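Residues per chain are reported as follows:
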Amino acid sequence: MKFVFNILLIILLTFSVKAQQASLKGRVVDAVSNEPLPFVNLIISGTSIGTTSDLDGNFLITGLEPGFVRVEASFVGYQRTVSSEVEVTASSINTIEIAMEEQNEQIDEVTVTASPFRKTEESPVSLRSIGIGEIEKSPGANRDISKVIQSFPGVQSTPAFRNDVIIRGGGPSESKFYLDGVEVPFINHFATQGASGGPVGIINADFLREVNYYSGAFPANRGNALSGVLEFFQIDGNTDKLKFQGTLGASEVGATFDGPINEKTTFVFSARRSYLQFLFSLLELPFLPNFTDMQFKVRSRLDKKNEITFIGLGAIDVFDLNLGIDDPDDQQSFILSQIPVNEQWNYTLGAVYKHFRENSFQTAVLSRSHLNNKAYKYFDNDDSSEDNKILNYLSQEIENKLRLENSSRINGYKLNFGANLDFVTYTNDTEQRRFYNGEIINVDYNTSLDLVKWGLFAQASKDLFSERLLLSLGFRADANNYSQSMNNLLEQFSPRFSASYSLISQWSLNFNTGRYFQLPPYTTLGFKQNDILVNRENNLTYIMADHLIGGLEYRPKQTVLFTLEGFWKGYSNYPYSIRDQISLANKGADFGVVGDEEVRSTAEGRAFGAEFQARVNAPGGFNFNLSYTLVRSEFLNGTNQYIPTGWDARHLLNITSTTELKKGWRVGGRWRFVGGLPYTPYDMERTALVEAWNLSGSPYFDFTKLNSKRFDPFHQLDLRVDKSFYLNRLTAKFYIDIQNLYNFQAEQQDLIVRDTDDNGNFILTDNGTRYQLRRVENTSGTVLPTLGIILEF
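Keep in mind that this is a model prediction, so the values were computed, not measured.

J.: Would you explain the sheet that holds strand E2 (residues 41-44) in this entry?
T.: Two pairing modes exist for strands in a sheet, parallel and antiparallel, and in both the strands are linked by backbone hydrogen bonds. Strand order in the open sheet made by the 4 strands is E3-E2-E6-E7, with antiparallel pairing throughout. Since the sheet does not close on itself, it has two edges, and those belong to strand E3 (50-52) and strand E7 (81-82), each with one partner. In the sheet, E2 pairs with E3 via 3 bridges, with the strands oriented antiparallel. Along E3, the bridge assignment pairs Leu 42 with Thr 51.

J.: What am I meant to see in the sheet that holds strand E9 (residues 94-100) here?
T.: Strand order in the open sheet made by the 3 strands is E4-E1-E9, with mixed pairing throughout. One side of each edge strand has no neighbouring strand; the edge strands of this open sheet are strand E4 (58-64) and E9. Between one strand axis and the next, the sheet turns by 25° as a mean value, whatever way the strands run. One ladder, built from 7 bridges, connects strand E1 (residues 22-30) with E9; its direction is parallel. Counted as the bridge partner of Arg 27 is Glu 97 from E9.

J.: Would you take a moment to explain the side chain of Lys 453 for this structure?
T.: Following the sequence through the fold, Lys 453 ends up in strand E28 (residues 439-464). Reaching out from Lys 453, the side chain makes a polar contact with the side chain of Tyr 522 at a distance of 3.0 Å. When near neighbours in sequence (up to four residues on either side) are disregarded, Lys 453 contacts Glu 399, Lys 401, Asn 420, Leu 421, Asp 422, Val 424, Ala 479, Asn 480, Leu 519 and Tyr 522.

J.: Help me out: how do you make sense of the pairing of strand E51 (residues 784-792) in this one?
T.: Along any regular strand the residues' side chains alternate between the sheet's two faces. Bridge analysis of strand E19 (residues 243-248) against E51 gives 4 bridges, and the strand direction is antiparallel. The partner of Leu 248 across the bridge, within E51, is Ile 789. The sheet contact formed by strand E44 (residues 731-739) and E51 spans 9 bridges and is antiparallel. Bridging from a neighbouring strand, Ala 732 pairs with Leu 791 of E51.

J.: What should I look at first to understand the packing of aromatic side chains in this one?
T.: Working definition: an aromatic ring pair is given by the centre-to-centre distance plus the angle between the planes. Taken as a whole, this structure holds 29 aromatic pairs when the rule is applied. Note on Phe 244 and Phe 257: the rings are 5.1 Å apart at their centroids and 55° apart in plane angle, and the pair reads as tilted. One end of the pair, Phe 244, is in strand E19; the other, Phe 257, is in strand E20 (residues 252-260), and 13 residues separate them in sequence. The exposure class of Phe 244 is partly exposed, given its relative accessible area of 23%. Note on Phe 257: relative accessible area 33%, which makes it partly exposed. A centroid spacing of 5.3 Å and a plane angle of 85° characterise the contact between Tyr 574 and Phe 635, whose relative ring orientation is edge-to-face. Remark: Phe 635 occurs in strand E37 (residues 622-636) and Tyr 574 occurs in strand E35 (residues 560-577); sequence separation between them is 61 residues. You'll find Tyr 574 and Phe 635 in the same group, each marked buried. An aromatic cluster is built from Phe 190, Phe 280, Phe 287, Phe 291 and Phe 319, whose rings are joined through pairwise contacts. We note Arg 222 situated over the ring of Tyr 178; from NZ or CZ to the ring centre the distance is 4.2 Å.

J.: Sorry if this is basic, but what is going on with the nonpolar core here?
T.: Among the nonpolar cores identified, the biggest contains 36 residues, and Tyr 482, Leu 525 and Tyr 574 are the most heavily contacted of them. For this core, the elements supplying multiple residues, two or more each, are strand E26 (389-410), strand E27 (413-436), E28, strand E31 (507-518), helix H6 (522-525), strand E34 (543-557), E35 and strand E36 (599-618). What Tyr 482 contacts, discounting residues up to four positions off in sequence, is Leu 449, Leu 451, Leu 525, Leu 533, Asn 535, Arg 536 and Leu 540. Ranked by size, the runner-up nonpolar core spans 30 residues in total, among them Ile 132, Ile 311, Val 352 and Val 365.

J.: Explanation requested: the environment of Glu 35 in the structure shown.
T.: Here Glu 35 is to be found in the loop between E1 and E2. Residue class for Glu 35 comes out partly exposed when judged on its relative accessible area of 27%. With 464 residues separating them along the chain, Glu 35 and Ala 499 place their C-alpha atoms 30 Å apart. Once you skip the residues sitting within four places of it in the chain, Glu 35 turns out to touch Val 28, Val 29, Asp 30, Lys 304 and Lys 305. Here the side chain of Glu 35 touches Lys 305 through a polar contact of 3.0 Å, side chain to side chain.

J.: Quick question: what am I supposed to make of unusual backbone geometry here?
T.: With glycine set apart, most residues show a phi of negative sign, and most peptide bonds adopt trans. Even without being glycine, Ala 217 reaches a positive phi, approximately 50°. Looking at Ala 217, the relative accessible area reads 0%, which means it is buried. With a phi close to 50°, Asp 380 is a non-glycine residue in the positive phi region. Among the secondary structure elements, Asp 380 is positioned in the loop between strand E25 (360-378) and E26. Among the residues examined, Asp 380 registers a relative accessible area of 33% and is labelled partly exposed.

J.: I tried to follow the pattern of salt bridges on my own but got confused; where do I start?
T.: Opposite charge on two side chains lets them pair, provided their charged atoms get close. Tallying each qualifying case throughout the model produces 60 salt bridges. Across the salt bridge formed by Arg 168 and Glu 611, the nearest N and O atoms sit 2.7 Å from each other. Placement of Arg 168 in the loop between strand E12 (166-167) and strand E13 (175-179) and of Glu 611 in strand E36 is noted, with a sequence separation of 443 residues between them. Across the pair, Glu 611 and Arg 168 agree in class, each one buried. Across the salt bridge formed by Asp 546 and Arg 515, the nearest N and O atoms sit 2.6 Å from each other. Here Asp 546 is found in strand E34, whereas its partner Arg 515 is found in strand E31, with 31 residues between them in sequence. Here the salt bridges share partners, and the residues they tie into one network are Arg 27, Glu 97, Asp 180, Asp 236, Lys 297, Arg 299, Arg 301 and Glu 307.

J.: What's the story with the side chain of Ser 151 in this structure? I'm lost.
T.: On the secondary structure map, Ser 151 appears in the loop between helix H3 (145-148) and strand E11 (155-156). You can call Ser 151 buried: its relative accessible area is 3%. Dropping the residues within four chain positions of it, Ser 151 is found in contact with Asn 625, Ser 627, Asn 654, Thr 656 and Arg 670.

Rules of the game
- Residues numbered from 1 in each chain as written.
- Predicted model: local features only at pLDDT ≥ 70, side-chain atom pairs only at ≥ 80, totals over all residues.
- Heavy atoms only, no water.
- Pairing = 2+ DSSP bridges.
- Helix = DSSP H or I, 4+ residues; strand = E, 2+ residues; numbered from the N terminus.
- Axes fitted to C-alpha atoms, helices over the stretch in contact; angles between N-to-C directions.
- Polar contact = N/O pair within 3.5 Å; in protein donor to acceptor, adjacent residues only side chain to side chain.
- Contact = heavy atoms within 4.5 Å.
- Phe/Tyr/Trp six-rings, centres within 6.5 Å; stacked < 30°, edge-to-face > 60°.
- Buried < 20%, exposed > 50% of the residue type's maximum accessible area, 1.4 Å probe, protein only.
- Lys NZ or Arg CZ within 6 Å of the ring centre and 35° of its normal.
- Core = buried A, V, L, I, M, F, W, Y, C linked by side-chain atoms within 4.5 Å.
- Salt bridge = Lys/Arg side-chain N within 4 Å of Asp/Glu carboxyl O.

Pasting the structure below:
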């Protein structure tokens with residue numbers, strides 16, 4: 001660390017010319033036709049600094065204080081618009097594009113003011129936009145967007161340091177993710193196949209411009225989601241010169257380059273490499289994670305009416321075991337006994353082409369995603385013989401996707417319609433011994449499954465009564481060739497309807513209802529038993545969820561928002577595990593694979609509750625976000641009684657605030673509270689059996705008592721302090737982030753370990769058929785300080 005700080009001091013002295021004020025340039029266009037808009041009035045939010053656009057829609061604003069700003073745009077015949085957040089510095093001039101929507105009617109009774117809080121006709125409820133300033137400075141998140149969204153209503157966090165996206169009581173497999181319009185199946189390193197979670201996010205915050213988070217009211221062009229949709233919008237490369245940004249974060253070191261390729265084309269590229277394996281080895285932690293990721297974007301404005309964007313995102317993850325620990329303690333032994341070695345890589349490549357016309361634009365999205373997931377495990381990590389191998393797993397998921405869309409505005413109607421066609425290849429080669437119903441079962445199968453998926457969608461929206469009433473009606477229908485039960489579009493017909501009514505200029509009532517479908521995970525579709533796709537024989541179907549959402553919204557100021565929403569979700573046709581006699585809705589928040597088992601589409605459940613949010617996003621750098629969610633999540637058991645799922649937290653409370661101080665300082669804090677989660681006790685009789693333990697290295701759950709116990713609530717305080725130096729040729733940022741400041745110890749399920757005698761041999765009972773087991777009390781939590789350094793020039 002002393003060496004690092006000496007290097008940084010030399011850099012700062014080299015570039016330490018007194019900072020000048022910052023500038024921002026950009027372009028204003030019609031959101032539908034992409035035509036430049038001249039003479040638009042532009043002003044920096046919270047200031048009197050502004051300008052007007054020229055004949056080509058271009059503008060330049062100078063004399064700005066460095067930091068994060070938004071631009072307000074107003075023009076006759078168009079809706080007032082607030083741009084996404086952008087950082088301005090003295091070392092370079094950043095560029096922003098502002099798209100303005102036409103005003104349908106002359107507004108008399110209701111005055112609409114521009115706001116940084118997004119609201120669309122399709123999604124007047126359950127949509128939150130997150131700016132780059134909130135992402136960069138969020139306490140406890142370390143610039144990881146998967147952790148940032150945990151501060152928003154409906155999103156559950158856990159003390160397990162994972163990024164599972166659990167929204168409004170739904171499972172971690174129920175959300176979908178889009179990067180500049182391209183669907184990205186995995187956004188976390190060491191991803192759980194069949195779900196969404198992992199410990200560290202793949203998406204680099206250096207790329208992000210804004211994030212739209214939907215917890216309901218999904219637009220019709222976003223399919224295959226039951227609980228959440230996240231849209232990530234990336235920055236464009238600098239149009240003037242090549243820029244470099246180096247980052248030292250909590251778990252990785254990274255480098256980002258961006259700049260022009262030619263007059264019409266810019267690029268952004270980054271690569272990151274973790275150093276956790278070295279840190280974990282020094283601390284004698286039992287596992288050694290190592291990851292590398294890369295990301296790029298190239299955008300070319302071919303001419304005024306055509307543009308194309310290429311994006312890429314990829315990761316290489318290796319999860320190894322630290323077998324060099326001398327005399328491991330109980331926790332180390334517990335982890336080493338059950339965790340397999342995991343080697344995983346994935347990528348997504350995509351191209352987005354847009355063609356603009358007078359009242360419409362057409363979009364074509366072509367992408368390819370590929371996951372390769374390999375895991376193996378030896379009993380007691382003894383690889384001296386292949387006979388000791390209890391797991392050998394290799395799987396691939398390959399998706400080739402095409403989506404065509406038309407978006408237009410005709411006679412006051414906003415129309416969107418299109419179609420998608422996907423070609424999927426799923427392979428799985430599994431060799432594993434499992435202990436079922438008192439006997440050892442050999443699970444040995446090889447799957448090569450080719451799927452074709454197709455879908456249609458359309459949505460129409462209209463403003464009425466001088467834009468006091470907004471209505472939107474849409475549908476989508478999906479099908480595939482997996483089985484007769486899935487190949488009819490009408491069987492997965494998914495209607496949705498939204499409405500918003502402005503009571504007065506500051507108050508509005510919002511509503512949405514819809515039916516949504518999701519295909520079960522490929523791990524379930526491709527599971528074989530006796531060389532048969534057993535779940536196809538079981539008539540596996542799409543999962544269905546009905547949503548009903550109502551909300552009240554109050555905006556006393558342009559930068560202040562209060563929302564209150566009630567929601568209900570009804571699930572049906574959820575996969576039900578034949579082996580464990582529980583719904584797969586209870587699985588997915590752990591490492592490994594979810595869904596590779598025999599199921600039936602019979603489980604039913606519900607999630608319901610209410611959310612409150614108070615949000616302030618003020619110019620000058622003050623942000624405040626208070627969110628509270630009351631949620632219940634339940635599924636029917638075998639006796640037709642509702643029992644809580646593993647996500648039934650009941651109470652979720654987050655309070656986050658950051659503020660700018662003088663001379664480049666910024667401070668922030670986040671306190672979160674999560675109600676005690678249900679858990680399933682162990683089946684100690686089964687766990688103690690030698691032949692059972694030797695196949696898993698871990699305890700078995702007693703699913704006849706599913707979620708019958710509950711942990712104590714979890715809470716945590718995170719603090720962060722930032723210092724930024726905006727110099728003429730260099731921007732240098734430093735931050736200290738302290739997670740779990742008061743060292744709260746979260747209750748976890750007990751560890752189960754095998755007792756040993758004085759010679760280190762495992763103690764056996766019942767004529768050598770059972771291990772003598774011991775419970776070890778288990779908690780999670782430590783004060784975790786992190787130093788971050790960002791240099792840009």
